[in-house]
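Topology and contacts: notes
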Amino acid sequence: MKIICVGRNYADHAKELKNDLTTEPVLFMKPKTAILLPHKPLYYPEFTDDLHYECELVVKISSNGKYIQEKFAHKYYDAISLGIDFTARDLQREQQKKGLPWEIAKAFDGSAAVGTFVPLTEDIDVDNLSFRLDKNGEAVQNGNTSDMIFKVNNIIAYCSKFFTLNIGDLIFTGTPAGVGPVAVDDKLEGYLSGEKVLSVAVK
Ligand code: MG
């Protein structure tokens, strides 16, 4: 399986990192070894001094597909959750400054924390879902998928032009404003439509 991530998908977050908006989704990938399963702790990596959380809606692919049309994209995923796109912000900035790839800053072991998946039902509108991340019991990110620049179906169509999507692949759909640092002993909890689906302790 693979993990495809979208960057700069919320205008308020692009602004806080002083990034320009793009006319097509910004994609990057994380390997399978990046997955941090529900309720597993993240051990603060020794190679960074500025580890950030980025809470994102995560979509689970349920059918194999290539060149998926946007109007059929909804048939290719069947579950959603929240995830944290952990980012070594200091390394990312250094890499960006040099025009180099971001993998060491974004694709390291444990960098793709995922919560418990919720099966999609007809009453769930993926384009209008509120979500929130709490750090040590205080809300630090509040988002709604209606603010995504590229919506889920659009992202799936775009990704599938370049990469065959396979059952079990995950798509991290981008983070809203409010990203920030974590420290050892922090506890992160994610709520999707008010339901807690994600919990990560930093050790
Ligand atoms: Mg992200």
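Whatever comes next refers back to the structure up there.
Description of the structure in this document. (Residues numbered from 1 in each chain as written. Predicted model: local features only at pLDDT ≥ 70, side-chain atom pairs only at ≥ 80, totals over all residues. Heavy atoms only, no water.)

1. A word on the packing of aromatic side chains
Under the counting rule described, the total for this entry stands at five aromatic pairs. When the centroid spacing of 5.3 Å and the interplanar angle of 70° are considered together, the rings of Phe47 and Phe108 count as edge-to-face. Of this pair, Phe47 sits in the loop between β3 (35–36) and β4 (51–53) while Phe108 sits in the loop between α3 (103–106) and β8 (112–114), placing them 61 residues apart in sequence. Since its relative accessible area comes to 37%, Phe47 is described here as partly exposed. For Phe108, a relative accessible area of 9% puts it in the buried group. Taken together, a centroid distance of 5.2 Å and an interplanar angle of 65° make the contact between Tyr158 and Phe162 edge-to-face. Residue Tyr158 and its partner Phe162 are located together in helix α4 (residues 152–162), separated by four residues, close to a single helical turn. Here Tyr158 falls in the buried class, since its relative accessible area comes to 15%. An aromatic cluster of three or more residues is present, and its members are Tyr158, Phe162 and Phe163. Geometry around Tyr67 places Lys66 over its ring, the cationic atom sitting 5.0 Å from the centre. (Phe/Tyr/Trp six-rings, centres within 6.5 Å; stacked < 30°, edge-to-face > 60°. Helix = DSSP H or I, 4+ residues; strand = E, 2+ residues; numbered from the N terminus. Buried < 20%, exposed > 50% of the residue type's maximum accessible area, 1.4 Å probe, protein only. Lys NZ or Arg CZ within 6 Å of the ring centre and 35° of its normal.)

2. Observations concerning the nonpolar core
Core analysis: the largest hydrophobic core is formed by 42 residues, its most contacted members being Ile84, Phe86, Ile156 and Val200. Contributions of two or more residues to this core are made by β1 (3–7), β4, β5 (55–61), β6 (77–85), β10 (130–135), α4, β14 (187–192) and β15 (195–201). If near-sequence neighbours (up to four positions away) are discounted, Ile156 is found in contact with Val59, Ile61, Ile68, Ala73, Tyr77, Leu165 and Ile171. Counting residues in hydrophobic clusters, the runner-up holds eleven residues, among them Ala34, Val58, Ala112 and Leu170. (Core = buried A, V, L, I, M, F, W, Y, C linked by side-chain atoms within 4.5 Å. Contact = heavy atoms within 4.5 Å.)

3. Some thoughts on the pattern of salt bridges
Tallying each qualifying case throughout the model produces nine salt bridges. Measuring nitrogen to oxygen at the nearest pair gives 2.6 Å for the salt bridge that ties Lys2 to Asp169. Placement of Lys2 in the segment before β1 and of Asp169 in the loop between α4 and β12 (170–172) is noted, with a sequence separation of 167 residues between them. Of the residues examined, Lys2 reaches a relative accessible area of 18% and is grouped as buried. For the salt bridge of Asp85 with Lys106, the shortest nitrogen-to-oxygen distance reads 2.8 Å. Remark: Lys106 occurs in helix α3 and Asp85 occurs in strand β6; sequence separation between them is 21 residues. There is no split in this pair, since Asp85 and Lys106 are both buried. One continuous salt-bridge network, built from bridges that share partners, spans Lys30, Glu54, Asp85, Arg89 and Lys106. (Salt bridge = Lys/Arg side-chain N within 4 Å of Asp/Glu carboxyl O.)

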